[in-house]
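Below, each chain spelled out in residue letters.
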Amino acid sequence: QVQLVESGGGLVQPGGSLRLSCAASGFTFSSYALSWYRQAPGKERELVAAITSAGGSTTYADSVKGRFTISRDNAKNTVYLQMNLLKPEDTAVYYCNAKRNRIAYWGQGTQVTVSS
């Protein structure tokens with residue numbers, strides 16, 4: 001059974017940091033590209049960051065460049081999103097995605113709220 005389980009979300013003040021984790025099981029993790037998406041209330045889901053299967057290449061949305069870092073540990077079947085200098089506009093549900101060719105898996109999401 002395929003599972004992607006996100007954790008690490010919560011309430012943080014502006015300027016603070018959070019580290020999201022996504023633990024995977026049920027598929028060959030190291031063969032999949034991994035991404036973090038987010039969806040704010042009333043908005044479409046958007047790509048935040050992505051990393052290739054071997055971890056050699058990463059991409060980021062312009063809105064998070066220089067503040068967020070995606071990484072993966074293929075030995076632990078886990079992908080991370082380190083989020084620094086958080087802003088209120090980063091408030092959203094964050095989803096983990098694993099993709100290989102036409103196959104894609106999603107996690108259930110974790111809420112991140114940035115507020116004073």
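Just above, that's the structure.
Note that this is a predicted model, so its numbers are computed, not measured.

Rules of the game
- Residues numbered from 1 in each chain as written.
- Predicted model: local features only at pLDDT ≥ 70, side-chain atom pairs only at ≥ 80, totals over all residues.
- Heavy atoms only, no water.
- Salt bridge = Lys/Arg side-chain N within 4 Å of Asp/Glu carboxyl O.
- Buried < 20%, exposed > 50% of the residue type's maximum accessible area, 1.4 Å probe, protein only.
- Helix = DSSP H or I, 4+ residues; strand = E, 2+ residues; numbered from the N terminus.
- Pairing = 2+ DSSP bridges.
- Axes fitted to C-alpha atoms, helices over the stretch in contact; angles between N-to-C directions.
- Core = buried A, V, L, I, M, F, W, Y, C linked by side-chain atoms within 4.5 Å.
- Contact = heavy atoms within 4.5 Å.
- Disulfide = S-S within 2.5 Å.
- Lys, Arg positive; Asp, Glu negative; His and termini not counted.
- Polar contact = N/O pair within 3.5 Å; in protein donor to acceptor, adjacent residues only side chain to side chain.

Okay, the pattern of salt bridges next. For the structure on display, the rule yields four salt bridges. Here E46 makes a salt bridge to R38, at a shortest N to O gap of 2.7 Å. Overall, E46 belongs to the partly exposed group, its relative accessible area being 34%. Residue R67 is joined to D90 by a salt bridge in which the shortest nitrogen-to-oxygen separation is 2.8 Å. With R67 in the loop between β6 (58-60) and β7 (68-73) and D90 in the loop between β8 (78-83) and β9 (92-100), the pair connects residues that are 23 residues apart, well separated along the chain. A relative accessible area of 0% means that D90 is categorised as buried. One salt-bridge network, in which partners are shared between bridges, spans R38, E46, R67 and D90.

Time to look at the sheet that holds β8. Reading across the sheet, the four strands line up as β1-β3-β8-β7 and stay open at both edges, with antiparallel pairing between neighbours. On the outer flanks of this sheet lie β1 (3-7) and β7, each paired with one strand and no other. Neighbour to neighbour, the strand axes of the sheet diverge by 15° on average, direction disregarded. The pairing of β1 with strand β3 (residues 18-25) spans five bridges and is antiparallel. Note on β3: the bridge partner recorded for Q3 is S25.

Within the largest apolar cluster, 29 residues are counted, with the highest numbers of intra-cluster contacts made by W36, V48, F68, V79, L81, M83 and Y94. Broken down by secondary-structure element, the contributors of at least two residues to this core are β3, β4 (33-39), β5 (46-51), β7, β8, β9 and β11 (110-114). Look past the residues within four positions of Y94 in its chain and what remains in contact with it is E6, L20, W36, Y37, R38, V48, F68, L81, M83, G109, T110 and V112.

Turning to the state of the cysteines, a few remarks are in order. Counted under the stated rule, the structure contains one disulfide. The residue that forms a disulfide with C22 is C96, at a sulfur-sulfur distance of 2.3 Å. Judged by the sign of its S-S torsion, about -85°, the bond between C22 and C96 is left-handed. One end of the pair, C22, is in strand β3; the other, C96, is in strand β9, and 74 residues separate them in sequence. With respect to class, C22 is no different from C96; both count as buried.

Next up on the list: the side chain of E6. Mapped onto the fold, E6 is located in strand β1. One buried charged side chain, E6, makes no salt bridge at all; its nearest oppositely charged neighbour is R45, positioned 7.6 Å away. In this structure the side chain of E6 is engaged in a polar contact, spanning 2.7 Å, whose partner is the backbone nitrogen of C96. Reaching out from E6, the side chain makes a polar contact with the backbone nitrogen of G109 at a distance of 2.9 Å. Not counting chain neighbours up to four residues away, the residues in contact with E6 comprise S21, C22, W36, Y94, Y95, C96, G107, Q108, G109 and T110.

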